[in-house]
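Understanding the architecture of this molecule
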Amino acid sequence: MLHGELRAIEFVARLIDQGRLPRGTGPGQYRKVNMHRIALDSEMMKLSAGTKLNTDYDFFTMLCRHGRRAARRFLDEHFDDIGERSSVDLRREVQAEWA
């Protein structure tokens, strides 16, 4: 479902860039959406699907710690992008999905 929504956002952005949809904020006009991703480090990406059932307090504390670290890295790298431009290349993401 998320991938379909990302494809739709990328498609509308492409139509706006091509001038096939009117850019603006008024009725019948379209705005490009800036997309960002806060990615966890590789250690967290190794978690199995079974961790979705883990309700242990120490596990949540560890998730929170890693999430804060990831958010800090994102802000250090992309703070100036917020409200200005996407930090994710949706066109590349959509193309990679189809590959």
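Fair warning: this is a prediction, and the values are worked out from it, not measured in the lab. All residue numbers refer to positions counted from 1 along the written sequence of the respective chain. Only residues with pLDDT of 70 or above have their local features reported here, since the model is predicted, and side-chain atom pairs are shown and tallied only from 80 upward, although totals for entire chains, interfaces and linings are computed over all residues. With hydrogens and water excluded, all non-hydrogen atoms of the structure serve as input to the side-chain values.

**Considerations on the overall build of the protein**
The cut-off we apply is this: Elements are defined by DSSP. Helices are runs of H or I of four residues or more, strands are runs of E of two residues or more, and each kind is numbered from the N terminus. We call a residue buried when its accessible area falls under 20% of the maximum for its residue type, exposed when it is over 50%, and partly exposed in between, using a 1.4 Å probe and counting protein chains only. Contacts are assigned to residue pairs that have any heavy atoms within 4.5 Å of one another. Accessible surface is estimated by sampling points in the Shrake-Rupley manner with a 1.4 Å probe; for residues, cover comes only from the protein chains shown. His is not counted here, nor are the chain ends, while Lys and Arg score as positive and Asp and Glu score as negative. For charged residues, the charge sits on one atom: NZ in Lys, CZ in Arg, CG in Asp, CD in Glu.
Broken down by element type, the protein carries four helices and zero strands. Walking the protein from its N terminus toward its C terminus, one meets helices and strands in the order α-α-α-α. For the protein, the spread of C-alpha atoms along the three principal axes comes to 50 × 30 × 25 Å. For the protein, the proportion of its 99 residues judged to be buried stands at 18%. Partitioning the contacts of the protein with sequence separation of at least 6, the portion at a separation of at least 24 is 58%. When the accessible area of the protein is evaluated, it comes to approximately 7900 Å², of which 55% is carbon and sulfur surface. Considering the protein, the positive charge centre built from 17 side chains and the negative charge centre built from 15 side chains are found 4 Å apart.

**Quick word on the side chain of aspartate 81**
Along the chain, aspartate 81 turns up in the loop between α3 (57–78) and α4 (90–98). Excluding residues within four positions of it along the chain, aspartate 81 makes contact with His36 and Ser87.

**Examining α3**
Definition in use: Take the residue count of a helix, subtract one, and multiply by 1.5 Å to get its expected span. In this description, the arc belongs to the directions extending from the helix axis to the C-beta atoms. Polar contact is the term for a pair of N or O atoms within 3.5 Å; when the atoms are in protein, one must be able to donate a hydrogen and the other to accept it, and sequence-neighboring residues count only if both atoms are side-chain atoms.
In this model α3 runs 31 Å from its N-terminal to its C-terminal C-alpha over 22 residues, within 8% of the 32 Å that 1.5 Å per residue would give. All of the buried residues along α3 are Phe59, Met62, His66, Ala70 and Phe74. An end-on view of α3 places all buried positions within 110° of arc, on one side of the element. Residues of α3 that are exposed and point more than 90 degrees away from the buried face comprise Tyr57, Asp58, Arg68 and Asp76. If you follow the buried residues of α3, they end up packed against α2 (42–45). One side-chain oxygen of the residue at the start of α3 lies 3.3 Å from the amide nitrogen of aspartate 58, identifying that residue as aspartate 56.

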